[in-house]
2 protein chains.
Amino acid sequence: MKITIREVAKEAGVSIATVSRVLNGKEGIRSSTKKRVEKAIHKYNFSPNQIARSMIVKESKSIGLLVPQLSNEFWATLAEVIEAELWLHGYTLFLCTSSTKEDSLLKEKAAIHSFLQRKVDGIIYSTSSGSDREFQAFTENLKQQDVPIIAFDQRIPGMNQIYGDHIQGAMDAVKHLILLGHTHIAYIGGPLVSPERELGYRNAHTVHNIQVDENLIFRGEPNFQFGHEATSKLMASGTPFTAIFCGNDLIALGAIHVMEAAGLNVPDHVAVVGYDDINMAGFSKPMLTTVHQPIEEMGKTVVDEILRSIHRGNSIGQICHLVFPMKLVIRESCGASKRSLTQTNH
Amino acid sequence: MKITIREVAKEAGVSIATVSRVLNGKEGIRSSTKKRVEKAIHKYNFSPNQIARSMIVKESKSIGLLVPQLSNEFWATLAEVIEAELWLHGYTLFLCTSSTKEDSLLKEKAAIHSFLQRKVDGIIYSTSSGSDREFQAFTENLKQQDVPIIAFDQRIPGMNQIYGDHIQGAMDAVKHLILLGHTHIAYIGGPLVSPERELGYRNAHTVHNIQVDENLIFRGEPNFQFGHEATSKLMASGTPFTAIFCGNDLIALGAIHVMEAAGLNVPDHVAVVGYDDINMAGFSKPMLTTVHQPIEEMGKTVVDEILRSIHRGNSIGQICHLVFPMKLVIRESCGASKRSLTQTNH
DNA sequence: ATGAAAGCGCTAACAC
DNA sequence: GTGTTAGCGCTTTCAT
């Protein structure tokens, strides 16, 4: 038989209201009745239906997280951190992934819709769908919803957001290469939708009065495969280059892989810098010089922020931007350890 | 104002029952009324409350997934596959992670409890908590619940389960090393709770009439860090060894890393074989010889299976075991490419 | 073909 | 302190 609050009430000889009070730890209950109720609860191994509860209290104690994928360590780690942090606060996580072979934006829309229908208390939204008309219409619509939403690593006007300072991160990386003496630095990055790293790359050139060679720029999917492809093209093109700045570590690993196969040594022949500082970066060979993202802090902060939005009610419409500094981690792949900075600095 | 089915009904000039019928695509509605209702739905941008719905229809179209962690590529990929497959069938995923610095079993219990309270339609359960009394009591209790549960890569008596044939996988790996001429093969594996790989390691020795040296066996956390530690100890111990079979790829990468640092070349001085075949395995240096797990198939199958359990009702108590074959992938780290099998075979 | 009404399992006034 | 009752937003008989 299905056990509900009613059965428990009958067993304890009290009303369902009293059981509810015990369940929710309300004040003003004779400790003897409380005991009886607890005994009944235990006897039936009763556990209240959270779904029924949330219909009344208007909170589901769940939040929805949308990430592009999980098979990329960056996102996986972020999801792990977010889940753990939410759990600490009594929230459970709905997780959706948006990268599909077909239409990612379609999945994104549907995922958010699913979250909304399931009455999540908040949404953490992070994907890379692009910035076309359709996307903008979608995010406009999103802002109308009365659920707190926070965008992760995405610049959506008028929406609370948290992101890394990738212009700074990319600049630091490229500046480092320039100070190492490189003037022909290629950029192999993600799709056009996340232009910050490319911007940082360009800025670093500008600051140092170096002309960017557009033939050295490659954009595509941010994965190992693309690092491979783009680097192959780069080598085949004949355009001179002595360093590559990559949009993420997977791309960097792919780049290193083909170059080694082609007889080019990293960092002796070509210096490489990645982005993200995934675990692997610390034990690839050569170990990757890369831009470290403080995932842990970012994950915790995004949770704190979404919870705050939930609790203060979505009253004051003050949009907040939380931006995190990036940190260049110098290892082997850029060759910094093999050269003297003063010697090549100009 | 909050839009419910009631507002839509009023707008369309029908009863809420009719709106419900339209929403659920029921037969027998005059197409003119249907149109009116749809127009009203559209006008208000109405989307039904899934929570209220599930109270009545007794299904939440959600399932709970519990994995040890996400920062391990194996689990992350599995979660990704499962989410995608569930989505195709109209289900949304609750995700929990069980590895904590404190008590993992505690979190596991709480996570399952949370799933149950949220009335998930099914649970995919995979962790590595151990096999002590408390754990057994817990799983016993689990089986009493009237929610379909399927254990992933875990042997829980009396529960539906799906797992890889790790004894076979490990045997294949170790046999390969033996055929390559190795007789002093270390094993650096996960905790005692998942003994299959160690068993396969031992079996391979037995089959080939080689004595296992217990000093060559190390157990601990299945991560890079532990691979590092254990291998350091192994080298320091002075026990002779020419090969290491690792419980997973992260351990293997850790092992290779320290050995290289200590001046030992892999595979020239020591052969290494990993387990899982994570992406990284294909582009580490040396590329990892490892045991490939068919994650994609396993993920899809576990979803099919849980959905089947849901739909047939948990009637016939036939327990099913779905076991998947593992496949040894030979790359560089075992040195197979450098030696002739016939030459070392005995 | 459509509406009225009875709940799903719970919480929150409002009584007493 | 504790019970009674009216819903939360929906689906589903049972009428008509």
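Please read these numbers as outputs of a predicted model, since none were measured by experiment. (Residues numbered from 1 in each chain as written. Chains lettered and ligands numbered in written order. Predicted model: local features only at pLDDT ≥ 70, side-chain atom pairs only at ≥ 80, totals over all residues. Heavy atoms only, no water.)

S.K.: Where do I start with the protein's contact with DNA strand D in this structure?
M.R.: Contacts to DNA strand D come from 30 residues, most closely from Thr18, Arg21 and Thr33 of chain A together with Ile5 and Ile56 of chain B. What you see for DNA strand D is that sugar and phosphate hold 59% of its atoms within 4 Å of the protein. A distance of 2.8 Å separates a phosphate oxygen of DNA strand D from a polar atom in the backbone of Ser15 of chain A. Side-chain polar atom of Arg21 of chain A to a base oxygen of DNA strand D: 2.4 Å apart, as the coordinates give it. Contributing elements (two or more residues each) for the surface near DNA strand D: α2 (16–23) and α4 (50–57) of chain A together with α1 (5–12), α2 (16–23) and α4 (50–57) of chain B. Residue classes in the surface near DNA strand D are distributed as 13 nonpolar, nine polar and eight charged. (Near = heavy atom within 4 Å. Polar contact = N/O pair within 3.5 Å; in protein donor to acceptor, adjacent residues only side chain to side chain. Helix = DSSP H or I, 4+ residues; strand = E, 2+ residues; numbered from the N terminus. Nonpolar A, V, L, I, M, F, W, Y, C, P; charged D, E, K, R; others polar.)

S.K.: Can you walk me through the protein's contact with DNA strand C in this structure?
M.R.: Around DNA strand C, a shell composed of 30 residues is seen, among which Ile5, Ser20 and Ile56 of chain A together with Thr18 and Arg21 of chain B lie nearest. Take the atoms of DNA strand C that sit within 4 Å of the protein: sugar and phosphate atoms are 67% of them. In this structure, a sugar or linking oxygen belonging to DNA strand C sits 3.2 Å away from a side-chain N or O atom of Lys58 of chain B. At the level of elements, α1 (5–12), α2 and α4 of chain A together with α2 and α4 of chain B are the ones that each hand at least two residues to the surface near DNA strand C.

S.K.: How should the state of the cysteines be read in this particular structure?
M.R.: Residues and elements named next belong to chain A. For the structure shown, the criterion picks out zero disulfides over all chains. This cysteine, Cys334, is not joined by any disulfide, and Cys246 carries the nearest cysteine sulfur, 12 Å off. Using a relative accessible area of 0% as the deciding quantity, one classes Cys334 as buried. (Disulfide = S-S within 2.5 Å. Buried < 20%, exposed > 50% of the residue type's maximum accessible area, 1.4 Å probe, protein only.)

S.K.: How should α2 of chain A be read in this particular structure?
M.R.: Note: α-helices contain 3.6 residues per turn, so residues at a spacing of three or four share the same orientation. All names here are of chain A. For α2, the full list of buried residues reads Thr18, Val19 and Val22. Burial along α2 is one-sided: seen end-on, the buried residues are contained in an arc of 100°. Of the surrounding secondary structure, the elements contacted by the buried residues of α2 are α1 and α3 (31–44). (Arc of directions from axis to C-beta. Contact = heavy atoms within 4.5 Å.)

S.K.: Can you walk me through the packing of aromatic side chains in this structure?
M.R.: Where two aromatic rings form a pair, the distance of their centres and the angle of their planes describe that pair. On inspection of all chains with the given rule, the structure shows 15 aromatic pairs over all chains. Ring centres 3.9 Å apart and planes at 25° place the aromatic pair Phe94 of chain A and Phe94 of chain B in the stacked group. Of this pair, Phe94 of chain A sits in strand β2 (residues 92–97) while Phe94 of chain B sits in strand β2 (residues 92–97), each in a different chain. For Phe94 of chain A, a relative accessible area of 3% puts it in the buried group. An aromatic cluster is present here, built from Phe94 and Phe115 of chain A together with Phe94 and Phe115 of chain B joined pairwise through their rings. For the cation-ring pair, Arg197 of chain A lies above Tyr275 of chain A, with the distance from its terminal atom to the ring centre recorded as 4.1 Å. (Phe/Tyr/Trp six-rings, centres within 6.5 Å; stacked < 30°, edge-to-face > 60°. Lys NZ or Arg CZ within 6 Å of the ring centre and 35° of its normal.)

S.K.: I keep staring at the interface of chain A and chain B and nothing clicks. Help me out?
M.R.: Accessible area lost on assembly of the parts is the figure often given for the size of an interface. Each partner contributes residues to the interface: chain A has 46 residues there, and chain B has 46 residues. Buried surface at the junction of chain A and chain B, summed over both partners, amounts to about 4,300 Å²; 62% is from carbon and sulfur atoms. On the surface where chain A and chain B come into contact, there are four salt bridges. The partner of Lys107 of chain A in a salt bridge is Glu83 of chain B, with the nearest N and O atoms 3.1 Å apart. At the boundary of chain A with chain B, the tally comes to 24 residue pairs in polar contact (both at pLDDT 80 or more). Put simply, the parts of the chain that give the side of chain A that touches chain B at least two residues each are α4, α5 (73–88), β2, α6 (104–117) and α11 (249–261) of chain A. The residue makeup of the side of chain A that touches chain B, split by class, is 19 nonpolar, 19 polar and eight charged. Where β2 of chain A lies against β2 of chain B, three bridges are found, and the strand directions are antiparallel. (Buried area = accessible area lost by both parts, 1.4 Å probe. Salt bridge = Lys/Arg side-chain N within 4 Å of Asp/Glu carboxyl O. Pairing = 2+ DSSP bridges.)

S.K.: Even after reading the chapter, I still don't get the pattern of salt bridges, so can you show me in this structure?
M.R.: When the charged atoms of two side chains with opposite charge come close together, those side chains can pair. The tally for this structure, following the rule as stated, stands at 26 salt bridges over all chains. We note a salt bridge from Lys300 of chain B to Glu296 of chain B, for which the minimum N-O separation is 3.8 Å. Of this pair, Lys300 of chain B and Glu296 of chain B both sit in helix α12 (residues 295–311), four residues apart, roughly one helical turn. One network of salt bridges, in which partners are shared, links Glu198, Arg202, Glu214 and Arg219 of chain A.

S.K.: Quick question: what am I supposed to make of the nonpolar core here?
M.R.: Generally speaking, soluble globular proteins have nonpolar side chains that are buried together. Of all hydrophobic cores here, the largest spans 148 residues; its most connected members are Ile244 and Phe245 of chain A together with Ile244 and Phe245 of chain B. Listed in part, the 38 residues of the second largest apolar core include Leu66, Val120 and Ile156 of chain A together with Leu66 of chain B. (Core = buried A, V, L, I, M, F, W, Y, C linked by side-chain atoms within 4.5 Å.)

S.K.: Looking at this model, I keep getting lost on the sheet that holds strand β8 (residues 243–246) of chain B. Mind explaining?
M.R.: Strands belonging to one sheet form pairs held by backbone hydrogen bonds; the direction of such a pair is parallel or antiparallel. Residue and element names in this part refer to chain B. As summarised here, the arrangement of the six strands in space is β7-β6-β8-β9-β10-β12, forming an open sheet in which the pairing is mixed. Lying at the two open borders of the sheet, with one neighbouring strand each, are β7 (217–219) and β12 (327–329). Mean inter-strand twist for the sheet, computed between neighbouring axes without regard to direction, equals 15°. Relative to β12, strand β10 (residues 289–292) runs antiparallel, the two being bridged by three bridges. Following the sheet pairing, Thr290 is matched in β12 by Val329. With respect to the sheet, helix α9 (residues 196–207) is in contact with β6 (185–189), β7, β8 and β9 (271–276), its orientation differing from that of β6 by roughly 170°. (Axes fitted to C-alpha atoms, helices over the stretch in contact; angles between N-to-C directions.)

S.K.: Could you clarify how one ought to interpret the relation of the copies chain A and chain B in this entry?
M.R.: Comparison of the two chain copies shows a relationship of rotation about an axis with a shift along it. When chain A is fitted onto chain B, the two copies agree to an RMSD of 0.1 Å after a turn of 180° and an axial shift of 0.1 Å. Viewed as a symmetry operation, the transformation between the two copies matches a two-fold axis. Closest approach to the rotation axis within chain A is made by the C-alpha atom of Phe94 of chain A, at a distance of 2.3 Å. Counting the interface residues of chain A, we find that 100% of their copies in chain B are interface residues as well, pointing to one common contact surface. (Least-squares fit on C-alpha atoms with pLDDT ≥ 70 in both.)

S.K.: What is the right way to read the sheet that holds β2 of chain A from this model?
M.R.: In spatial order, the strands read β11(A)-β5(A)-β4(A)-β3(A)-β1(A)-β2(A)-β2(B)-β1(B)-β3(B)-β4(B)-β5(B)-β11(B); together these twelve strands make up an open sheet with mixed pairing. Strands at the two margins of the open sheet, each flanked by one partner only, are β11 (321–324) of chain A together with β11 (321–324) of chain B. The sheet shows a mean angle of 20° between the axes of neighbouring strands, direction not considered. Bridge count between strand β1 (residues 62–67) of chain A and strand β3 (residues 122–125) of chain A: four bridges; the pairing is parallel.

S.K.: Which parts of the structure should I look at to understand the packing of α2 of chain A against α3 of chain A?
M.R.: Helix-helix packing is characterised by the crossing angle of the two axes and by the distance between the axes. All names here are of chain A. Close contact between α2 and α3 brings their axes to 10 Å; oriented N to C, the two are set at 85°. Between α2 and α3, the crossing angle belongs to the class labelled roughly perpendicular. Across the interface between the two elements, Thr18, Val19, Val22 and Leu23 of α2 pack against Lys34, Val37, Glu38 and Ile41 of α3. (Parallel < 35°, antiparallel > 145°, perpendicular 65-115°, else oblique.)

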